[in-house]
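Take a look at the letters that make up each chain.
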Amino acid sequence: MKNDKALVVFSGGQDSTTCLFWAKERFAEVEAVTFNYNQRHKLEIECARQISKELGIRHHILDMSLLNQLAPNALTRDEIEVKDGEEGELPSTFVPGRNLLFLSFAGVLASQINAKHIITGVCETDFSGYPDCRDVFIKSLNVTLNLSMDAQFVIHTPLMWLNKAETWKLADELDALDYVREKTLTCYNGIPAGGCGECPACHLRKNGLEEYLKEKGEL
Ligand SMILES: [Zn+2]
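A quick note: this is a predicted structure, and the numbers were derived from the prediction, not measured. (Residues numbered from 1 in each chain as written. Predicted model: local features only at pLDDT ≥ 70, side-chain atom pairs only at ≥ 80, totals over all residues.)

## Looking at the packing of helix α4 (residues 98–112) against helix α5 (residues 135–149)
Next, step 1: Axis separation between α4 and α5 bottoms out at 11 Å; the angle between their running directions is 40°. When the axes of α4 and α5 are compared, the pair comes out oblique. Between α4 and α5 the crossing geometry is right-handed. Seen from α4, the contacting residues are L100, L103, S104, G107 and S111; seen from α5, they are L141, L145 and M149.
Next, step 2: Here the contact of α4 with α5 is built from residues that sort into five nonpolar, three polar and no charged. (Axes fitted to C-alpha atoms, helices over the stretch in contact; angles between N-to-C directions. Helix = DSSP H or I, 4+ residues; strand = E, 2+ residues; numbered from the N terminus. Parallel < 35°, antiparallel > 145°, perpendicular 65-115°, else oblique. Left-handed = near helix turned anticlockwise from the far one by under 90°. Contact = placed C-beta atoms within 7 Å. Nonpolar A, V, L, I, M, F, W, Y, C, P; charged D, E, K, R; others polar.)

Structure, rendered in C-alpha cells:
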C-alpha cells in the first residue's frame, strides 16, 4: 500500500489525529480533509490546520455550513446543551446523516486527488448511538461510493473496534502518544489537550487515557 494515496477525514481531535499517524505509516502520500459546519469552536478547524502543517500534510477544508441549516444541534448551536442521550435516545450531539454526508464528500474529493484510500476514525465500541458510525454502515457506503463513481475506494476504520484506552495504545504504538495528548482538541468546550474535564468528550478521553496508562504501569 506504500504506493497508494490516502485521504483522512480529519477533525483535529484525538481519534482522527491517531488515524492521521496510522495513515502516514501505511501510505506513500496522505492528505486530510476537515469539514467546516460552524462548529461551536472555530478552534477545532485551527487545530486541524496546525496539526496538518506540523505533519507536512496537505489539508483541505470543505464548507459544510449547510448542515447547520438542516440540523441545528448541540455541536453547532450554543443554546443547545451537550449531553449524553437517555436510555434508547440519541445524544444531543447527533446530526442525522452527518457521516453519510461527510464520507460522501470525502469520496468526491478522494476521486479528485486520486486517492484510493479513505480513512475515518469512526468507532462502534464507544458508539454513543450514532447509527452512521456503525461498521455495517461504513461497509455499505463503501459499496455505494464505488458504484456511484465506478471507483475502487477502500474505506479504512482503524478505530472501529477499539475502546478509548486502546485508541491511546494505538497512538503510543505509532509513537504519537504525547503529540496526541498535547495537540488535539476533543473537548466540547473548545479547550485543547486535557480539555475542560467536565464535558462527556473530556470524560471519555480522560478515562481512556487513565485506563491505558494504568495498564502500562505509568499511573
Ligand atoms: Zn471538555
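What follows picks up the thread again.
## Regarding α5
Next, step 1: For α5, spanning 15 residues, the distance from its first C-alpha to its last is 21 Å, which sits close to the expected 21 Å at 1.5 Å a residue.
Next, step 2: All of the buried residues along α5 are I138, L141 and L145. End-on, the buried residues of α5 take up no more than an arc of 65°, which puts them together on one face. Turned more than 90 degrees off the buried face of α5, the exposed positions are V136, K139, S140, V143 and L147.
Next, step 3: Looking at the buried positions of α5, the neighbouring elements they touch are α4 and β5 (154–156).
Next, step 4: At the C-terminal side of α5, D150 shows a positive phi close to 50°. (Expected span 1.5 Å × (residues − 1). Buried ≥ 20, exposed ≤ 12 C-beta atoms within 10 Å, placed from the backbone. Arc of directions from axis to C-beta.)

## Some remarks on the UniProt feature "binding site: ATP" (unreviewed entry) in the protein chain
Next, step 1: Under the feature "binding site: ATP" (unreviewed entry), the UniProt entry names F10, S11, G12, G13, Q14, D15, S16, T17, T18, C19 and L20.
Next, step 2: By secondary structure assignment, the location of D15 is in helix α1 (residues 14–26).
Next, step 3: A tally of 25 C-beta atoms within 10 Å means that D15 is categorised as buried.
Next, step 4: Aside from chain neighbours lying at most four places away, what touches D15 is G121, C123, L159 and T167. (UniProt positions renumbered as here; feature names shortened; annotations may be inferred.)

## Examining the sheet that holds strand β4 (residues 117–119)
Next, step 1: Read from one edge of the open sheet, five strands run β3-β2-β1-β4-β5, paired in parallel fashion. Of all the strands in the sheet, just β3 (58–63) and β5 have a single pairing partner and so form its edges. Adjacent strand axes in the sheet meet at a mean angle of 25°, parallel and antiparallel pairs treated alike.
Next, step 2: The pairing of β4 with β5 spans three bridges and is classified as parallel. Directly across from H117, in β5, lies its bridge partner V154.
Next, step 3: Lying on the sheet, α1 is in contact with β1 (5–9), β2 (29–36) and β4; it crosses β1 at an angle near 175°. (Pairing = 2+ DSSP bridges.)

## Description of helix α2 (residues 43–54)
Next, step 1: For α2, built from 12 residues, the straight-helix expectation of 16 Å at 1.5 Å per residue is met to within 8% by its first-to-last C-alpha distance of 16 Å.
Next, step 2: Along α2, the residues classified as buried are E44, C47, A48, I51 and S52. Each buried residue of α2 lies within a common arc of 130° when the element is viewed along its axis, so the set occupies one face. Projecting away from the buried face of α2 at angles above 90 degrees are the exposed residues K53 and E54.
Next, step 3: In this structure, the buried residues of α2 make contact with α1, β2, β3 and α7 (177–183).

## A closer look at the UniProt feature "binding site: Zn(2+)" (unreviewed entry) in the protein chain
Next, step 1: Taking the numbering used here, the UniProt-annotated feature "binding site: Zn(2+)" (unreviewed entry) corresponds to C187, C196, C199 and C202. Spanning 16 residues, the annotated positions come together in the fold, the maximum distance between their C-alpha atoms being 6.9 Å.
Next, step 2: Residue position: C196 is located in the loop between α7 and α8 (200–215).
Next, step 3: The contact partners of C196, leaving out residues within four places of it in the chain, are C187, N189, I191 and C202.
Next, step 4: Assignment of secondary structure puts C202 in helix α8.

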